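# Fold and geometry: a report
Here is how the chains run, residue by residue.
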Amino acid sequence: MNKEETVESLLSIAKTIGYGKVPKLQQNEYFTTGAFDLIVFNCQDRSRNFSLMSSLCGRYEQIKKDKKFLKGYIYLLDQLSYSTNTSEKPEGIKKIIEENPNETESLQVWYNE
């Protein structure tokens, strides 16, 4: 799966979660962070995960209009930030945190905001 396909898959899962549904990948289980496991967390390439994080942050302007989707999106960013194993800030993360202070508490801690 190339980077763009991965980003689209992650956003699809995030939207599903944001709307309070169980992602198809997890249809026989209660929702856990495992929804993203098959795409991201099994990848040992942390620089690739940082690149995914950067790409996802670039989608914020499109996503922020849909509050339910935004909830799943922020959850995705939160989970993905840990898989990068760096507190280096991807472009756009500061704006996301500033505009959503109550929803991004974990990201604030991770990025020392």
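Not measured: the values here are computed from a predicted model.

### Section: the pattern of salt bridges
Opposite charge on two side chains makes pairing possible when the charged atoms of those side chains draw close. Under the defined criterion, the tally for this structure stands at eight salt bridges. The partner of Glu61 in a salt bridge is Lys64, with the nearest N and O atoms 3.1 Å apart. Residue classification places Lys64 among the partly exposed residues on the basis of a relative accessible area of 22%. Two residues, Glu113 and Lys89, come together in a salt bridge whose shortest N-O distance is 2.3 Å. Of this pair, Glu113 sits in the segment after helix H7 (105–110) while Lys89 sits in the loop between helix H5 (67–84) and helix H6 (93–99), and the two are 24 residues apart along the sequence. Residue classification places Lys89 among the partly exposed positions, given a relative accessible area of 39%. Taken together, the salt bridges that share partners define one network made up of Glu61, Lys64, Lys95 and Glu99.

### Thoughts on the nonpolar core
Side chains of nonpolar character tend, in soluble globular proteins, to be buried together. Ranked by internal contacts, the top residues of the largest apolar core, which has 22 residues, are Leu56, Tyr73, Leu77, Ile93 and Leu107. Elements with a minimum of two residues in this core: helix H1 (3–18), helix H3 (46–57), helix H4 (60–63), H5 and H6. Here the element with the most residues in this core is H5; it accounts for seven residues. Every residue in contact with Leu56, bar those within four places of it in the chain, is listed here: Val7, Leu10, Leu11, Tyr73, Leu76, Leu77 and Leu80.

### Here we look at the confidence of the model for the protein
Model confidence for the protein is summarised by a mean pLDDT of 83, while 80% of its residues fall at 70 or above. Note on residues 26–33: pLDDT under 50 across the span, and 10 contacts to partners over four residues away in sequence or across chains.

### Some thoughts on unusual backbone geometry
In this structure, Asn85 takes a positive phi of about 55 degrees despite not being glycine. By the element assignment, Asn85 lies in the loop between H5 and H6. Phi angles above zero are rare outside glycine, and Asn112 is one such case at about 50 degrees. Checked against the element boundaries, Asn112 lands in the segment after H7.

### Let's talk about the packing of H3 against H5
In the contact formed by H3 and H5, the axes pass within 9 Å of each other and the chain directions differ by 155 degrees. In this view, H3 runs roughly antiparallel relative to H5, as classed from their interaxial angle. As H3 runs across H5, the sense of the crossing is left-handed. In this structure, H3 uses Arg46, Asn49, Phe50, Leu52, Met53, Leu56 and Cys57 to contact H5, whose residues at the interface are Tyr73, Leu76, Leu77, Leu80, Ser81, Ser83 and Thr84. Within the contact of H3 with H5, the residues separate by chemical class into nine nonpolar, four polar and one charged.

About the thresholds
- Residues numbered from 1 in each chain as written.
- Predicted model: local features only at pLDDT ≥ 70, side-chain atom pairs only at ≥ 80, totals over all residues.
- Heavy atoms only, no water.
- Salt bridge = Lys/Arg side-chain N within 4 Å of Asp/Glu carboxyl O.
- Buried < 20%, exposed > 50% of the residue type's maximum accessible area, 1.4 Å probe, protein only.
- Helix = DSSP H or I, 4+ residues; strand = E, 2+ residues; numbered from the N terminus.
- Core = buried A, V, L, I, M, F, W, Y, C linked by side-chain atoms within 4.5 Å.
- Contact = heavy atoms within 4.5 Å.
- pLDDT = per-residue confidence, 0-100.
- Axes fitted to C-alpha atoms, helices over the stretch in contact; angles between N-to-C directions.
- Parallel < 35°, antiparallel > 145°, perpendicular 65-115°, else oblique.
- Left-handed = near helix turned anticlockwise from the far one by under 90°.
- Nonpolar A, V, L, I, M, F, W, Y, C, P; charged D, E, K, R; others polar.

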